[in-house]
Amino acid sequence: MKHDVEAFRRASAEASDWIARYLEDPARFRVNPAIRPGELFDRLPGEGPDAGEPLEVILADFERLILPAVTHWNHPRFFNYFACTASVPGVVAEMLAASMNTNGLNWVASPAVTELEQVALGWLRQWLGLSADYFGQIFDTASVSTLHAVMAAREWVDPEVRLNGITKPLVIYSSDQAHSSIDKAAVAAGIGLRNIRKIPSDDEFRMKPDALREAMAADAAANLTPCCVIVTAGTTSTTSVDPLEPVLDIAAAHNAWVHIDAAYAGAAAILPEFAWMLKGNERAHSLVMNPHKWLFTPMDCSAFYTRHPDVLRRTFTITPEYLKTTTDPREVSLMDYGVALGRRFRSLKLWYVLRYFGRDKLRELIRGHIAMAQELAGWIASDPRFELAAPSPFSAVCFRLRDSEERTRALVSAINATGAFFISQTVLKGRYAARVAIGNQATTIEDIRALWAEIQRLATLL
Ligand code: PLP
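The rules we used
- Residues numbered from 1 in each chain as written.
- Predicted model: local features only at pLDDT ≥ 70, side-chain atom pairs only at ≥ 80, totals over all residues.
- Heavy atoms only, no water.
- Helix = DSSP H or I, 4+ residues; strand = E, 2+ residues; numbered from the N terminus.
- Buried < 20%, exposed > 50% of the residue type's maximum accessible area, 1.4 Å probe, protein only.
- Contact = heavy atoms within 4.5 Å.
- Areas by Shrake-Rupley, 256 points an atom, 1.4 Å probe, with all protein chains shown as cover.
- Lys, Arg positive; Asp, Glu negative; His and termini not counted.
- Charge placed at Lys NZ, Arg CZ, Asp CG, Glu CD.
- Axes fitted to C-alpha atoms, helices over the stretch in contact; angles between N-to-C directions.
- Parallel < 35°, antiparallel > 145°, perpendicular 65-115°, else oblique.
- Left-handed = near helix turned anticlockwise from the far one by under 90°.
- Nonpolar A, V, L, I, M, F, W, Y, C, P; charged D, E, K, R; others polar.
- Salt bridge = Lys/Arg side-chain N within 4 Å of Asp/Glu carboxyl O.
- Pairing = 2+ DSSP bridges.

**Quick notes on the overall build of the chain**
Here comes step 1: Scanning the chain from N- to C-terminus turns up 15 helices and 11 strands.
Here comes step 2: The C-alpha extent of the chain, read off along each of the three principal axes, is 70 × 60 × 45 Å.
Here comes step 3: Taken across its 462 residues, the chain has 52% of its residues classed as buried.
Here comes step 4: In the chain, the proportion of contacts linking residues at least 24 apart, taken out of those at least 6 apart, comes to 74%.
Here comes step 5: Split by element, the accessible area of the chain, about 21000 Å² in all, is 56% carbon and sulfur.
Here comes step 6: Distance between charge centroids for the chain: 2 Å, based on 48 positive and 53 negative side chains.

Structure follows, in structure tokens:
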């Protein structure tokens with residue numbers, strides 16, 4: 001059956017018009033939907049249609065039924081989790097990639113997917129200041145990137161693991177502030193939650209190197225194998241940065257793999273003033289940063305780099321007859337570097353984003369977000385009712401009302417109930433804190449002023 005390209009022309013014109021209006025003014029919508037669990041489910045038919053429906057009708061139902069259940073991550077007043085952006089070049093590239101549906105499982109399957117991924121990640125590697133021997137590939141999420149780091153680390157300390165599975169107890173280390181994706185990686189890689197050491201962090205939420213040294217030494221003395229240390233550059237709660245260079249020295253004494261989780265704050269490394277954050281990366285083994293967090297690229301795009309691609313290849317190469325290809329030395333088969341066989345054309349959107357903005361504009365946007373966060377932190381610090389709950393090195397601010405944890409909780413709920421702003425919460429050293437993360441392209445200082453005015457108003461009312 002031929003494609004109905006006339007229907008496509010009409011529907012895509014309507015959809016792109018909708019997208020343009022959306023990007024122009026997403027603030028028409030509540031940032032978080034006013035909806036109860038199950039409500040959308042109950043409003044949709046339990047069975048799919050026997051007869052097909054026109055695209056116009058489906059679009060109308062998208063607006064009527066689906067949109068009211070959407071949380072608008074592309075909204076300038078989205079300050080929850082890590083705020084992010086689907087920018088114009090990224091949206092256009094996603095449309096093109098969807099139309100071709102090309103799958104770069106190996107080079108022959110789609111040379112462009114394989115080679116553009118290397119080119120775009122090569123540019124990004126240079127902008128991040130990573131050493132030239134980092135090999136990159138794109139996964140869907142940082143969680144999957146970190147899982148690959150942990151699986152590579154298993155192979156690094158035990159080259160028989162691919163054949164035998166884990167035969168000796170392996171241990172991984174992160175700070176007590178590290179992301180839960182590390183725990184999931186330990187589960188998925190068969191290492192086990194019991195074998196993660198959550199190293200205490202200091203007053204500024206950074207891993208304490210002395211505590212790491214002691215933990216690794218104790219494990220080695222107990223005949224356990226220190227396998228992998230995960231250093232976070234930009235923790236999820238406070239965006240603190242673990243001290244990379246001391247950790248590298250300590251891990252080297254045990255020949256452990258060092259993985260840098262820069263999923264969010266890695267984007268700031270393209271600013272010369274933040275190059276310190278990844279200093280020493282030429283001695284680490286792998287790194288993840290998510291262009292889909294703070295580099296204006298739509299979900300999903302997680303850049304995973306390793307200086308030891310040979311270890312990934314050793315871990316994952318399995319080539320049945322139907323996947324055999326040529327033996328040209330320049331041919332890269334990305335299926336050999338990870339779990340997945342199929343590979344979406346994610347590099348297209350990253351390439352579009354990097355070209356459309358260029359490094360200068362990206363730097364300007366990121367600096368702008370950091371400046372807005374610093375302004376907000378300043379306003380909070382100068383209001384005696386509030387206190388900052390942590391330093392704000394990047395674009396996230398944690399704070400609380402001084403007098404009561406309960407009132408801070410109520411404040412977060414009240415802000416989110418307005419539907420005008422969406423912020424998050426965390427617990428720092430046992431104490432509750434509100435958290436605002438800035439990272440959407442369209443956010444301006446007016447949005448931050450409006451948020452601060454609302455925080456102050458509600459703090460007076462509560
Ligand atoms: N690492 C850090 C530091 C994060 O903040 C997050 C998510 O916010 C992740 C990893 C997981 O990211 P993803 O959702 O891409 O798996």
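**Comments concerning the packing of helix H14 (residues 405-417) against helix H15 (residues 445-461)**
Here comes step 1: In contact at an axis separation of 10 Å, H14 and H15 are set at 130° when each is read in the N-to-C sense. Here H14 is positioned oblique relative to H15, judged by the angle of their axes. Read as a crossing pair, H14 and H15 show a hand that is right-handed. Where H14 approaches H15, its residues Arg 407, Leu 411, Ala 414 and Ile 415 are matched on the opposing element by Leu 451, Ile 455, Leu 458 and Ala 459.

**A look at the packing of helix H5 (residues 111-128) against helix H13 (residues 346-381)**
Here comes step 1: The contact between H5 and H13 brings their axes to 9 Å, and the two run at 25°. When the interaxial angle is binned, H5 and H13 end up roughly parallel. The two elements H5 and H13 meet at a crossing, and its hand is left-handed. Residues Val 113, Leu 116, Glu 117, Ala 120, Leu 121, Trp 123, Leu 124 and Trp 127 of H5 pack against Ser 347, Leu 348, Leu 350, Trp 351, Leu 354, Arg 355, Gly 358, Arg 359 and Leu 362 of H13.
Here comes step 2: A breakdown of the residues in the contact of H5 with H13 according to their chemical character gives 12 nonpolar, 2 polar and 3 charged.

**Here's the deal with the pattern of salt bridges**
Here comes step 1: Counted under the stated rule, the structure contains 33 salt bridges.
Here comes step 2: Between Arg 409 and Glu 406 there is a salt bridge, with its nearest N and O atoms 3.8 Å apart. A residue pair is termed a helical-turn pair when its members lie 3 or 4 positions apart in one helix, as Arg 409 and Glu 406 do in helix H14 at 3 residues.
Here comes step 3: The structure contains a network of salt bridges with shared partners spanning Glu 94, Asp 300, Arg 344, Arg 346 and Lys 349.

**Quick look at the pairing of strand E11 (residues 431-437)**
Here comes step 1: Along E11, 6 of the 7 residues are buried, which leaves the element largely enclosed by surrounding structure.
Here comes step 2: Summarising the sheet, strand E9 (residues 396-401) and E11 pair through 4 bridges and their orientation is antiparallel. Bridge pairing links Ala 396 to Ala 437 in E11.
Here comes step 3: Bridge count between strand E10 (residues 424-428) and E11: 5 bridges; the pairing is antiparallel. Across the sheet, residue Gln 425 finds its bridge partner in E11, namely Ala 434.
Here comes step 4: The turn joining E10 and E11, which pair antiparallel and follow one another in sequence, is formed by 2 residues; a positive phi near 50° is taken by Lys 429.

**Details of the sheet that holds strand E7 (residues 302-306)**
Here comes step 1: An order of E1-E7-E6-E5-E4-E2-E3 is seen for the 7 strands of this open sheet, with the pairing classed as mixed. One side of each edge strand has no neighbouring strand; the edge strands of this open sheet are strand E1 (135-139) and strand E3 (196-199). Adjacent strand axes in the sheet meet at a mean angle of 20° when their direction is disregarded.
Here comes step 2: Strand direction decides the pairing type here: strand E2 (residues 170-175) and E3, joined by 4 bridges, are parallel. Residue pairing in the sheet places Ile 172 in a bridge with Ile 196 of E3.
Here comes step 3: Packed on one face of the sheet, helix H8 (residues 180-188) meets E2, E3 and strand E4 (225-232) and runs near 165° to E3.

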